[in-house]
Amino acid sequence: MEARSKHIDVSVFSRWLQEIQQQPPWRSVADKEADYYDGNQLDADILRRQRDLGIPPAIEPLIKNTIDSLLGLEIKQRSDFKVVPDDDADDDLVAEALNHKLNRAERHSHADAACSDAFRAQCCVGLGWVEVTRDKNPFHFGYRCRAIHRNEIFWDWTAREFDLSDARFLIRRKWIDTDIAASMWPQHRDFFESCGMAHWGSDLDLGLMSDGGAMTGLTNAWNDVAGRGWSIEEQEWRDVERHRVCIYECWYRKPDNITVIRTPDGRVEEYDQASIMHGIALQQGATLEDISTSRVRIAWWCGPYLISDEPSPYKHQYFPYVPFWGFREDRTGVPYGLIRGMIFLQDEVNARISKMHWLLAARATIRTDGIVMMDDQEFREMAARPDADIILDPAMAGQPGAKFEFQRNFELSQQQFQRLQDAREGIRRVSGITDSFTGRASGNNQSGMAVNSLIEQSTQTVTDLLDNFKASRMLVGDILLSMIIQDTQSQERVVIPGTLVKEDWEIILNKPMLDDFGEIERLDNAVQLAKMKVTLEDVPSTPSFRAQQLASFSEAFKAMPPEFQRGVLPNLVALMDIPNKAELLETIKQIAHLPSEEEIQQRIDDEVNRRGIELKMRELAIKEQQSEAQIKKLVAETVAKSIESIYSATQAGMQIASVPGVSGIADQILQSAGFQDQDQPPIVAAPQANSQFPAAAQQAYPNPIGGVERNTSPMFPPRANPQTIQPPAPQYVDSPGPDAGIHAGIEGGGEQINP
């Protein structure tokens, strides 16, 4: 029926309650051990007999002192939670951010106080509980840790794992008022208001109360016997006027087939199709698997009435109640603590102290019958007084053999004292806690090394307890971290406060990284994909340990060179518990940054060199500007000369075009001047028949050089074939006379020689 239905029915729940009733009766013994720690160590029957004999009650609570020394050790060695990556992935930033959030949750959820309370129960009776859950009150912090009494929780006795990961169920019983129950489950308001103290729940409750929660019969004085004749559970069970109901919070594991996602780094989670991170993980190589496992569910019962049954609101697979185990019996699994072996010796100490007090005040009387002038009861009361005034009968006292005397047995008192010392020492031997560990000096001639050795020996005797406490405390941190990761789904900015020697810095979790198309490709610092684990800091964070660090650091600081001391001094001040430490550290930092004379001279030299380099750079810049200006000037002059050359060439071309014959003369002149031709002639073609030049002009300027194949440019001389060139025929004229200068010339009108 249980495997086929979605939730458990009343038959399964009743079977679990019957199984709880058949568990070994250890709770009543644990209640007695807890009473011994609280100082309620005297049985009521013993107190009555002592009162009849005139023996005063006496208690020397050595058990409490021994247990408190262990509690002080836990507080002294307490260290914070630390989140570290559980694989080789580069998740250091995610670990730092989650570590900050976890340490904040540790402080605000009161996890340290809850673990300390559970450790006290672990040492005393062998079992303590811590609840790690969300706080539904919106005005409180989001998470809550608190210690739970052992008599409220019942678990599957067949479980063997310390974290109850193999337990089938865990049930917590809690009494609440009907109006509170109605506000928690409004849909059942009529039921709670009508049932009050429901009688159908009595069988279930009485069954669970058969072991533990009842009166132990122990007290600490005569007049407290009547006052401690009830317990909280019994009084509440009888308090029908309060209209309270007993609610059962039942956590159980139900077999189920689920689909899990397995990432390449080995992380396994239940697959959520709506999760973005799981979708990204599938794209990065994660695989899906169908497995058979168990789901954690929670069912609320009020007697045989099922209020609700729903899946666990947490992603982790633990029950939200963490056990702190002390010692467990090998065959039965019954938990027990250190007090079990100290009860007999504590009773011995109390009895010997009472006996010694009675012997110191008691006096034995030896008297003849009728020698005192009062009855026996009056005589005993008078003899017990230190100012006793006893009147003897003279007649009886004068008879032969009459006797009246007081005797004290001091030898018996010495024996009682010796036995008392043995019992005190026996408690220390049984617990393994020495006087040095509890703070009591056992000798005046012991060195510091010897005392530390004794303290270390005492610590070794409780190593099992401390190791179990460490494992349970880490489990508390794991559950807190799981809830933090579960609640960190979207992008979140985490600012990690700096220390006195370190600045603040921030980390952005679940930051979307977009691809080229604007879609989310992956999440940077993805919390859901990070594989983390919780450990404890190697260095405790207690004031006493910081004082030890300060002492060790101070000795090392003295041996450092001065240049090292300047850099290490802020860290040394950070370990001091002094007022205005932040202001002092800031002043030290400012003084540490003041330069020395050598540094000042070096800075001056560096500045001079820097200025010189700047001047040289400016000079180079000016020269570069001058060079650019000169280049621009040369370019401008070249362009101007080119324009002039073009203009001159254009004019020459116009002249040659108008008088083509002059080109040969120009070529000859250029060639004589050494001009090198850069082009193939001719540039200017010979006149054609249809040329625009008049025929008279062509006839007026014949080619003076014969055998020229082609005409040439006006800028270059003609190039004739030497084989075809014919020298011109000489022309003869009459030789001028002596008067040629008179009759001929420019103005003489004489004959001119044609070229």
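Residues numbered from 1 in each chain as written. Predicted model: local features only at pLDDT ≥ 70, side-chain atom pairs only at ≥ 80, totals over all residues. Heavy atoms only, no water.

Peer 1: Would you explain the overall build of the chain in this entry?
Peer 2: Summing up its helical and strand segments, the chain has 25 helices and 21 strands in all. Split into buried and exposed, the 755 residues of the chain put 35% on the buried side. Long-range pairs, those at least 24 residues apart, make up 71% of the contacts in the chain with a sequence separation of at least 6. (Helix = DSSP H or I, 4+ residues; strand = E, 2+ residues; numbered from the N terminus. Buried < 20%, exposed > 50% of the residue type's maximum accessible area, 1.4 Å probe, protein only. Contact = heavy atoms within 4.5 Å.)

Peer 1: Explanation requested: the nonpolar core in the structure shown.
Peer 2: Proteins that are soluble and globular tend to have nonpolar side chains buried together. By size, the foremost hydrophobic cluster in this structure holds 98 residues, and its most contacted members are Ile67 and Phe192. No other element matches the 11 residues that helix H18 (residues 463-487) contributes to this core. Grouped together as the second largest cluster of nonpolar side chains are 16 residues, Ile8, Trp16, Tyr248 and Tyr252 included. (Core = buried A, V, L, I, M, F, W, Y, C linked by side-chain atoms within 4.5 Å.)

Peer 1: What's the story with the packing of helix H5 (residues 92-108) against H18 in this structure? I'm lost.
Peer 2: For the pair H5 and H18, interaxial distance at closest approach is 10 Å and the crossing angle is 115°. Between H5 and H18 lies a crossing whose hand is right-handed. Residues Leu98, Lys101, Leu102, Ala105 and Glu106 of H5 lie in contact with H18, whose contacting residues are Arg473, Gly477, Leu480, Leu481, Ile484 and Ile485. Partitioning the contact of H5 with H18 into residue classes produces seven nonpolar, one polar and three charged. (Axes fitted to C-alpha atoms, helices over the stretch in contact; angles between N-to-C directions. Left-handed = near helix turned anticlockwise from the far one by under 90°. Nonpolar A, V, L, I, M, F, W, Y, C, P; charged D, E, K, R; others polar.)

Peer 1: Looking at this structure, how should I read the pattern of salt bridges?
Peer 2: When charged atoms on two side chains of opposite charge get close, those side chains can pair. Tallying each qualifying case throughout the model produces 31 salt bridges. Among the ionic pairs, Arg134 bridges to Asp487, the shortest N-O distance being 2.9 Å. Linking Arg134 in strand E3 (residues 127-134) with Asp487 in helix H18, this pair joins segments that are 353 residues apart in sequence. On the basis of relative accessible area, Arg134 is assigned to the partly exposed category, the value being 22%. Its relative accessible area of 41% is what places Asp487 among the partly exposed residues. Between Glu614 and Arg611 there is a salt bridge, with its nearest N and O atoms 3.8 Å apart. (Salt bridge = Lys/Arg side-chain N within 4 Å of Asp/Glu carboxyl O.)

Peer 1: How should unusual backbone geometry be read in this particular structure?
Peer 2: One can expect most non-glycine residues to show negative phi and most peptide bonds to be in trans. In this structure, His110 takes a positive phi of about 60° despite not being glycine. Position of His110 relative to the elements: it lies in the loop between H5 and helix H6 (111-124). Exposure remark for His110: the relative accessible area of 54% places this residue in the exposed category. For Leu164, which is not glycine, the phi dihedral falls at a positive 60°. By secondary structure assignment, the location of Leu164 is in the loop between strand E5 (153-155) and strand E6 (169-177). What makes Leu164 buried here is its relative accessible area of 1%.

Peer 1: In this structure, what is going on with the sheet that holds E3? I would like to understand it.
Peer 2: The three strands lie next to each other as E4-E3-E12, forming an open sheet whose pairing is antiparallel. Taken across any chain shown, the strands that pair with only one partner, and hence form the sheet edges, are strand E4 (143-148) and strand E12 (321-325). Going from strand to strand, the sheet's axes swing by 20° on average, the running direction of each strand aside. Bridge analysis of E3 against E4 gives six bridges, and the strand direction is antiparallel. Of the residues in E4, the one forming a bridge with Thr133 is Arg144. Contacts between H6 and the sheet are confined to E3, E4 and E12, with E3 contributing the most and set at about 160° to the helix. Sheet strands in contact with H18 are E3, E4 and E12, and its direction is about 165° off that of E12. (Pairing = 2+ DSSP bridges.)

Peer 1: It is not clear to me how the environment of Gln415 should be interpreted in this structure. Could you clarify?
Peer 2: Relative to the helices and strands, Gln415 is located in helix H15 (residues 410-431). Sequence-wise, Gln415 and Arg352 are 63 residues apart; in three dimensions their C-alpha atoms are separated by 9.8 Å.

Peer 1: Any chance you could explain the packing of aromatic side chains here in plain terms?
Peer 2: The description of an aromatic ring pair uses the distance of the two centres, along with the angle that the planes make with each other. Under the defined criterion, the tally for this structure stands at 16 aromatic pairs. For the pair Trp129 and Trp155, a centre-to-centre distance of 5.6 Å together with 55° between the ring planes defines the contact as tilted. Of this pair, Trp129 sits in strand E3 while Trp155 is found in strand E5, placing the two residues 26 residues apart along the sequence. Residue Trp129 is classed as buried on the basis of its relative accessible area, which comes to 0%. Since its relative accessible area comes to 0%, Trp155 is described here as buried. Note on Trp155 and Trp157: the rings are 5.3 Å apart at their centroids and 25° apart in plane angle, and the pair reads as stacked. There is no split in this pair, since Trp155 and Trp157 are both buried. When the ring centre of Trp325 is taken as origin, the NZ or CZ atom of Arg328, which lies over that ring, is 3.9 Å away. (Phe/Tyr/Trp six-rings, centres within 6.5 Å; stacked < 30°, edge-to-face > 60°. Lys NZ or Arg CZ within 6 Å of the ring centre and 35° of its normal.)

Peer 1: What exactly am I supposed to notice about a nonpolar patch on the surface here?
Peer 2: Taken together, Ile631, Val635, Val639 and Ile643 make up a surface patch of nonpolar side chains, about 360 Å² in accessible area. For Ile643, the location among the structural elements is in helix H22 (residues 597-658). (Patch = residues over 30% accessible without salt bridge, like charges linked within 9 Å, V, L, I, M, F, W, Y side chains within 5 Å. Areas by Shrake-Rupley, 256 points an atom, 1.4 Å probe, with all protein chains shown as cover.)

Peer 1: Teacher, can you tell me more about the environment of Arg168 here?
Peer 2: Assignment of secondary structure puts Arg168 in the loop between E5 and E6. Under the relative-accessibility criterion, Arg168 is labelled partly exposed at 30%. In this structure, the C-alpha to C-alpha distance between Arg168 and Thr158, residues 10 residues apart in sequence, is 8.6 Å. One polar contact links the side chain of Arg168 to the main-chain carbonyl oxygen of Arg253, over a distance of 3.0 Å. (Polar contact = N/O pair within 3.5 Å; in protein donor to acceptor, adjacent residues only side chain to side chain.)

Peer 1: Explanation requested: the state of the cysteines in the structure shown.
Peer 2: In protein structure, a disulfide is the covalent linkage between the sulfur atoms of two cysteines. Tallying each qualifying case throughout the model produces zero disulfides. In this model Cys145 remains outside any disulfide bridge; the closest cysteine sulfur is found in Cys115, 6.9 Å from its own. (Disulfide = S-S within 2.5 Å.)

Peer 1: Can you help me understand the confidence of the model for the chain in this one?
Peer 2: Any segment with low pLDDT has predicted coordinates that should not be analysed in fine detail. With 72% of its residues at a pLDDT of 70 or more, the chain has an overall mean of 76. Per-element averaging of pLDDT across the chain places helix H10 (residues 232-238) at the bottom with 39 and E12 at the top with 96. Contacts from residues 703-714, a stretch scored under 50 in pLDDT, to residues over four places away or in other chains number 37 contacts. (pLDDT = per-residue confidence, 0-100.)

Peer 1: Looking at this structure, how should I read the side chain of Glu348?
Peer 2: Checked against the element boundaries, Glu348 lands in helix H12 (residues 343-361). Of note is the side chain of Glu348, whose polar atom sits 2.7 Å from the side chain of Arg352. The residues touching Glu348, leaving out its near neighbours within four places in the chain, are Arg419 and Ala423.

Peer 1: I keep staring at the side chain of Glu106 and nothing clicks. Help me out?
Peer 2: Residue placement: Glu106 occurs in helix H5. Here Arg473 takes part through its side chain, which lies 3.0 Å from a polar atom of the side chain of Glu106. Sequence-distant contacts of Glu106, defined by excluding residues within four places in its chain, comprise Ser79, Asp80, Phe81, Ala111, Asp112 and Arg473.

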